[in-house]
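Architecture at a glance
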Amino acid sequence: MNPMSDPAPEHASGLATAGPADPEHDRTASYALDPGYVRALTDRVVSTTGESVPTYSPFTGQPLGAIPQSSTADVETAYRRAQRAQEAWAATPLEDRSRAMLALHDLILDRQDEIIDLVCWESGKARKHAFDEPLHVALTARYYARTAHEHLDPSRKAGVVPGLTRVEVNREPKGVVGVISPWNYPFTMALCDGLPALMAGNAVVHKPDAQTMLSALLGVQLLEEAGFPRDLWQVVAGPGRELGGPMIERSDYVCFTGSTATGKVIARQCADRLIGCSLELGGKNPILVLRDAAVDRAAEGAVRAAFSNAGQLCVSMERMFVADQVYDRFVARFVERTKAMRLGSGLEWGSDMGSLISKAQLDTVTAHVEDAVGKGARVLAGGRARPDLGPYFYEPTILEGVTPDMTCFGDETFGPVIALYRFHDEAEAVARANAGEYGLNASIYSRDGKRARAIARQIRCGTVNINEAFGATFASIDSPMGGMRQSGMGRRQGAEGIHRYTESQSVATQRVVRFAPMLGMSDQAYARMMTANLRLMNKLRRK
Ligand code: NAD
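Below, the structure is looked at part by part. (Residues numbered from 1 in each chain as written. Predicted model: local features only at pLDDT ≥ 70, side-chain atom pairs only at ≥ 80, totals over all residues. Heavy atoms only, no water.)

Moving on, we get to the sheet that holds strand β6 (residues 203-207). Pairing is mixed in the open sheet, where 6 strands are placed in the order β7-β6-β5-β8-β9-β17. Both edges of this open sheet fall to β7 (233-235) and β17 (488-489), since each of them pairs with a single strand only. In terms of strand pairing, strand β5 (residues 176-180) meets β6 through 5 bridges, oriented parallel. In the sheet register, glycine 178 faces β6, and the bridge partner there is valine 205. In this fold helix α2 (residues 72-90) packs onto β5, β6 and β7, with an angle of close to 155 degrees to the strand it touches most, β6. (Pairing = 2+ DSSP bridges. Helix = DSSP H or I, 4+ residues; strand = E, 2+ residues; numbered from the N terminus. Contact = heavy atoms within 4.5 Å. Axes fitted to C-alpha atoms, helices over the stretch in contact; angles between N-to-C directions.)

Structural data, given as structure tokens:
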């Protein structure tokens, strides 16, 4: 390991305070960030409780700010404001909505240093992984701005009587969408699901995870600067199990990203109200290295697949199946690359992996590795915490010999730990990749694209990347992204990612004929005529 040790105070956005105030005596002060900057963000939380909860940087444990907490009454206020804003917004032409979306795109690119700094401070991730966040939100904003008409304009459909039944399908906004987001990609997960909701004419009430409120609030500030009406996106703060219920009670649709366990609670609450929800949940994602894989490329991809954001990524890989023919060569390269990774605490470019976000994450990762090693797994790289770098650092870890009795065999670790398995028969590898209850993301390395695509069809995951870890599907916003089985319901991105926020309405205008006997025809004659019509239509191959 070649650890970077300096939590550099000098960085591009200038967020840091020149001299530390003392948050123990001044609740608005912060050692790490300028208190005025933090206050401008936290002022956006709908809160009348007078209570706040401090938030800390995983890099050093330094306080970052105090987050005002919302009550159930505050949630109600947020929905009332959002509803009012939504009515005007739904009447705003698509051109104006797209213009704001494209302004957001540019603003995010211009202010990326500030965004990345804040994401790093809050999440502890390496700068290169934080960069993925503005990148993904900018891609999403541009995509939905450019495809607004394609997805939202009324569309013509085939009428039942050709030429005489004219059918149009309208897309109406649902109303106010509740968004509940996790901490792992705090800027992306805050905005990427809400942007299509806004594009479709909805308002959003958002509850970000408590650990990463500031990154989400910066996103909301940028929305306003880009020209979206201020009240259109409301933010509430507090424990999910307290605010979740009141939010779902008032939402017209819910978009949730987080654990499978919480997703099921949300789904039950939405079912009670008969409102829709999309659930982006956990995974235990497999990567397959086939016998004809380019070994170096696969080893490079495996590092990103397993250790991006210290493995705290829903689409990252925790199980790797490698063909016999390349196993030894591949493992040697993968272990070598992993051992060469630079761990770093700080805002500078140049580190390959940052910290875990919290003690809870560190405890889970430690427990999974200790359990596996205790039951006979071998550590090929990593395998220990690094308190010398920061309170929650853990080395990127490769395990061999993981068996079904070990926790990390089937449970999501959500950390930098991957288990290697050798395979001989591809059909058997596919069956092992499909084992378990999750189905979020998979990756296949092979020089034969056609064969890899055929194997992809057999993998029961919502996204499959060939010769790439996860970026190829995740950044291709025109295609749907989401989980099969226990990894979720519904899809973000693409047409599905925006249509989930609309009610489709079919309007049919009937001319000349009607759907009843005409001109004194008996019911029986009408039935005979309709039967003959159906036969004719089938012969003419009409749909
Ligand atoms: P979590 O379910 O504990 O929390 C996620 C969000 O839900 C937080 O904002 C939390 O406050 C809120 N919440 C918690 N309990 C709630 C309740 N009863 N009602 C309403 N809201 C509630 O998830 P986590 O452990 O913090 O996040 C990590 C998990 O998220 C992992 O399993 C990961 O795979 C998953 N994840 C999935 C995706 C995806 O796109 N599929 C993306 C990121 C993370």
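The rest of the description comes next.
For any two aromatic rings, the description comes down to two numbers: the centre-to-centre distance and the angle of the planes. If you walk through the whole model with that rule in mind, you get 10 aromatic pairs. Note on tyrosine 253 and tyrosine 501: the rings are 5.5 Å apart at their centroids and 80 degrees apart in plane angle, and the pair reads as edge-to-face. With tyrosine 253 in strand β8 (residues 253-257) and tyrosine 501 in the loop between α19 (494-499) and β18 (502-510), this pair connects stretches of sequence that are 248 residues apart. In terms of burial, tyrosine 253 and tyrosine 501 fall into one category: buried. Ring pairs connect the aromatic residues Phe307, Phe330 and Phe334, which therefore count as one cluster. The ring of tyrosine 327 carries arginine 422 above its face, with NZ or CZ at 4.1 Å from the centroid. (Phe/Tyr/Trp six-rings, centres within 6.5 Å; stacked < 30°, edge-to-face > 60°. Buried < 20%, exposed > 50% of the residue type's maximum accessible area, 1.4 Å probe, protein only. Lys NZ or Arg CZ within 6 Å of the ring centre and 35° of its normal.)

In this section: the packing of helix α1 (residues 35-42) against helix α9 (residues 213-226). Between α1 and α9, the shortest axis-to-axis distance is 9 Å and the interhelical angle comes to 70 degrees. Taken together, the axes of α1 and α9 are roughly perpendicular relative to one another. Residues Tyr37, Val38, Ala40, Leu41 and Thr42 of α1 pack against Leu214, Leu217, Leu218 and Gln221 of α9. Residues of the contact of α1 with α9, tallied by class, amount to 7 nonpolar, 2 polar and no charged. (Parallel < 35°, antiparallel > 145°, perpendicular 65-115°, else oblique. Nonpolar A, V, L, I, M, F, W, Y, C, P; charged D, E, K, R; others polar.)

Within the open sheet, the 7 strands sit side by side as β12-β13-β14-β11-β10-β15-β16. Their pairing is mixed. Every interior strand has two partners, whereas the edge strands, β12 (378-381) and β16 (463-466), have only one. Between one strand and the next, the sheet's axes are offset by a mean angle of 25 degrees, whatever the strand orientation. Relative to strand β13 (residues 397-400), β12 runs antiparallel, the two being bridged by 3 bridges. Considered in β13, the bridge of valine 379 is made with leucine 399.

With that out of the way, let us pick up the layout of surface pockets. Computed from the structure, the largest pocket encloses a volume of approximately 760 Å³. As for the largest pocket, its lining consists of 32 residues, and the residues nearest its centre are Phe256, Thr257, Gly258, Ser259 and Thr262. Taken together, the elements giving at least two residues each to the lining of the largest pocket come down to α10 (240-250), β8 and α11 (260-273). Here the lining of the largest pocket takes 6 residues from α11, the largest share from any one element. Here the lining of the largest pocket is composed, by residue class, of 13 nonpolar, 13 polar and 6 charged. A total of 6 residues in the lining of the second largest pocket trace back to one element, the largest contributor, which is helix α20 (residues 523-539). (1 Å grid on protein atoms, 1.4 Å probe; cavity = no way out; pocket = protein on both sides within 12 Å on 5 of 7 lines; lining within 4 Å. Points joined across faces, edges and corners; volume = space filled by probe spheres on them.)

The interhelical angle for the contact between α2 and α10, taken along N-to-C directions, is 30 degrees, at an axis separation of 10 Å. In terms of orientation, α2 and α10 fall into the roughly parallel class. Relative to α10, the crossing made by α2 is right-handed. Here α2 contributes Thr72, Val75, Glu76 and Tyr79 to the contact with α10, which in turn contributes Leu243, Pro246, Met247 and Arg250. A breakdown of the residues in the contact of α2 with α10 according to their chemical character gives 5 nonpolar, 1 polar and 2 charged. (Left-handed = near helix turned anticlockwise from the far one by under 90°.)

The next point concerns the site of the ligand. Taken together, 25 residues lie around the ligand, and Ser181, Trp183, Ser259, Leu281 and Glu412 are the ones closest in. Between the ligand and the protein, one listed contact pairs an oxygen atom with a backbone N or O atom of serine 181 at 2.7 Å. At 2.9 Å, a side-chain N or O of lysine 207 approaches an oxygen atom of the ligand. In isolation the ligand offers 850 Å² of accessible surface; the protein chains occlude 86% of this area. Mapped onto the shell around the ligand, the elements with two or more residues apiece are α10, β8 and α11. Looking at side-chain class alone, the shell around the ligand contains 10 nonpolar, 9 polar and 6 charged residues. (Near = heavy atom within 4 Å. Polar contact = N/O pair within 3.5 Å; in protein donor to acceptor, adjacent residues only side chain to side chain. Areas by Shrake-Rupley, 256 points an atom, 1.4 Å probe, with all protein chains shown as cover.)

Within the chain, asparagine 467 stands out as a residue other than glycine whose phi angle is a positive 60 degrees. Relative to the helices and strands, asparagine 467 is located in the loop between β16 and α18 (471-474). One non-glycine residue, arginine 541, lies in the positive phi region at around 60 degrees. As for its position among the elements, arginine 541 is in the segment after α20. With a relative accessible area of 78%, arginine 541 lands in the exposed category.

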